Amino acid sequence: MSHSPETPTLVVDDLRTSFTTARGELKAVDGVSFSIHSGRTLGVVGESGSGKSATARSIMNLLPPGSSQSTGRVLLDGRDVRNLPRAESRHIWGVEASMVFQNPMTSLNPVMQVGRQISEGLRYHRRLPREAAMRRARELLEQVGIAEPDQRLREYPHQLSGGMRQRVMIAIALACEPKLLIADEPTTALDVTVQKQILDLLDRLRRQHRMAMILITHDLSVVAGRTDDVIVMYAGRVVERAPTLQLFTAMRHPYTKALFESIPKVAHPSHTRLQIIQGRPPDLAYLPPGCAFAPRCTHAQPQCLGESPSLSGSDASEHRYACFYPAGTAEGESALAGNRAAGQTAAGLALVNGPATAGGGAV
Ligand SMILES: Nc1ncnc2c1ncn2[C@@H]1O[C@H](COP(=O)(O)OP(=O)(O)OP(=O)(O)O)[C@@H](O)[C@H]1O
Ligand SMILES: [Mg+2]
């Protein structure tokens, strides 16, 4: 997605991942492609269940072995890393490519001192002697902004605050200087001030280390100003992708627009009802034949219920969207106006601002 001529750090090509469940085959990732260059950040945005984590886990080789199938290419620095012999792949995952998860408490070892958790990877993968690994662990704690690192090295995760634990997770992820860092909702468990600190920290480290980064979030406001490109996911597919600035200048997919409108606006008085996206996300085991968003879409027309739009754009720009009636185009705006006049969408849902449907999809 960038014009740089060098080999992208990460190329993902036609990634498809499904899970075998009691209800049948569930397509969690359905033909996702993108690439990221060194030093750049891709934002991955979508509601809960849209396939963001499944995409990350597919890339990181972290899928449950028995109950998942995954196809498509993953290239790290131009090298196919999906079918490596085991001995080699050990030095890729968590080393050249690493991940920061939403909840650090489940990823940290509760009975191991912080210093040892950070230095273990260095001793194993970088073959550093114990003392050198510990010195490096101390440096890493300083880098991620932890005060009194000597004391912290000897502490256990439960002795740290939530924000500090997330910083430790980041230190572990950075220990072996990865080329790629995937941050999967790294701040959802934290309060707002700490969230911003952690996101800013990730941003600074990404620049310092020239890493390629994937920032996964359900909150479109998080990617603004922090990412170079954005992909918006719905039901396992990319429905819109663009350089971040372009996306915020002109959101084309009605789903992207709805996500944007569901962001709480600081300026609004507290009693203002948050706009939510009507209806619920689709059942991935029984996807509708047309556009997966059509049943909830304010622009949808009969065509959208029968036919699935592919990711395309109308010009030479890098902005792509999978929609027959995109926002800001003549067809899209007249479709919206027609639905508004009728008071409902093509699928018969009352238009937004009406009452939310039962269990309906707040973002
Ligand atoms: N191990 C699994 N086995 C079966 N189904 C799974 C598994 N992991 C994920 N899924 C399903 O795949 C779909 C996509 O899930 P995924 O975790 O990627 O969503 P997400 O976009 O990360 O959502 P969230 O914002 O809630 O983290 C969901 O329907 C989920 O239930
Ligand atoms: Mg997730």
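This one's a predicted model, so the numbers in the text were calculated from it and none came from an experiment. (Residues numbered from 1 in each chain as written. Chains lettered and ligands numbered in written order. Predicted model: local features only at pLDDT ≥ 70, side-chain atom pairs only at ≥ 80, totals over all residues. Heavy atoms only, no water.)

### Digging into the environment of threonine 9
What counts, and what does not: Under the DSSP-based scheme used, a helix requires at least four consecutive residues in state H or I and a strand at least two consecutive residues in state E, with every element numbered from the N terminus. The buried label goes to any residue with under 20% of its type's maximum accessible area, the exposed label to any with over 50%, and the partly exposed label to all in between, with areas taken from a 1.4 Å probe on protein chains only. Contacts between residues were defined by any pair of non-hydrogen atoms, one from each residue, lying within 4.5 Å. Within 3.5 Å is the distance limit for a polar contact, defined as a pair of N or O atoms, with the added protein rule that one can donate a hydrogen and the other accept it, and that residues adjacent in sequence qualify only through two side-chain atoms.
Secondary-structure assignment places threonine 9 in the segment before β1 (10-21). We classify threonine 9 as buried; its relative accessible area is 4%. When the C-alpha atoms of threonine 9 and arginine 79 are compared, they prove to be 9.4 Å apart, with 70 residues separating the residues in sequence. For threonine 9, the residues in contact, after removing those within four places along its chain, are Ile36, His37, Ser38, Leu75, Leu76, Asp77, Lys179 and Ala212. Within the structure, threonine 9 has its side chain in polar contact with the backbone nitrogen of serine 38 (distance 3.1 Å).

### Notes on the packing of helix α4 (residues 114-125) against helix α7 (residues 162-174)
To keep things clear, this is the line we draw: Only C-alpha atoms enter the line fits that serve as axes; for helices the fit covers just the stretch in contact. Angles between N-to-C directions range over 0 to 180 degrees. Angular relationships are summarised with four words: roughly parallel below 35 degrees, roughly antiparallel beyond 145, roughly perpendicular across 65 to 115, and oblique for the angles in between. By definition, turning the near helix anticlockwise from the far helix through less than a right angle yields a left-handed crossing, and turning it clockwise yields a right-handed one. Any residue outside Ala, Val, Leu, Ile, Met, Phe, Trp, Tyr, Cys, Pro, Asp, Glu, Lys and Arg is labelled polar, Gly included; the first ten of those are nonpolar and the last four are charged.
Two elements in contact, α4 and α7, have axes separated by 8 Å at closest approach and are oriented at 20°. One way to sum up the angle between α4 and α7 is to call them roughly parallel. Of the two possible hands of crossing, α4 and α7 adopt the one that is right-handed. On α7, the residues that touch Val114, Gln117 and Ile118 of α4 are Val168, Ala171 and Ile172. In terms of residue class, the contact of α4 with α7 is built from five nonpolar, one polar and no charged.

### Topic: the sheet that holds strand β10 (residues 237-243)
Filter applied, for reference: The pairing criterion is simple: DSSP has to find at least two bridges between the two strands.
Reading across the sheet, the seven strands line up as β6-β7-β8-β3-β9-β10-β11 and stay open at both edges, with mixed pairing between neighbours. This sheet does not close on itself; its edge strands, each paired only once, are β6 (97-100) and β11 (320-321). Bridge count between strand β3 (residues 41-45) and strand β8 (residues 212-217): five bridges; the pairing is parallel. Paired with glycine 43 across the bridge in β8 is leucine 215. The strands touched by helix α11 (residues 254-261) within the sheet are β3, β9 (229-234) and β10, with β9 carrying the most contacts at an inclination of about 100°.

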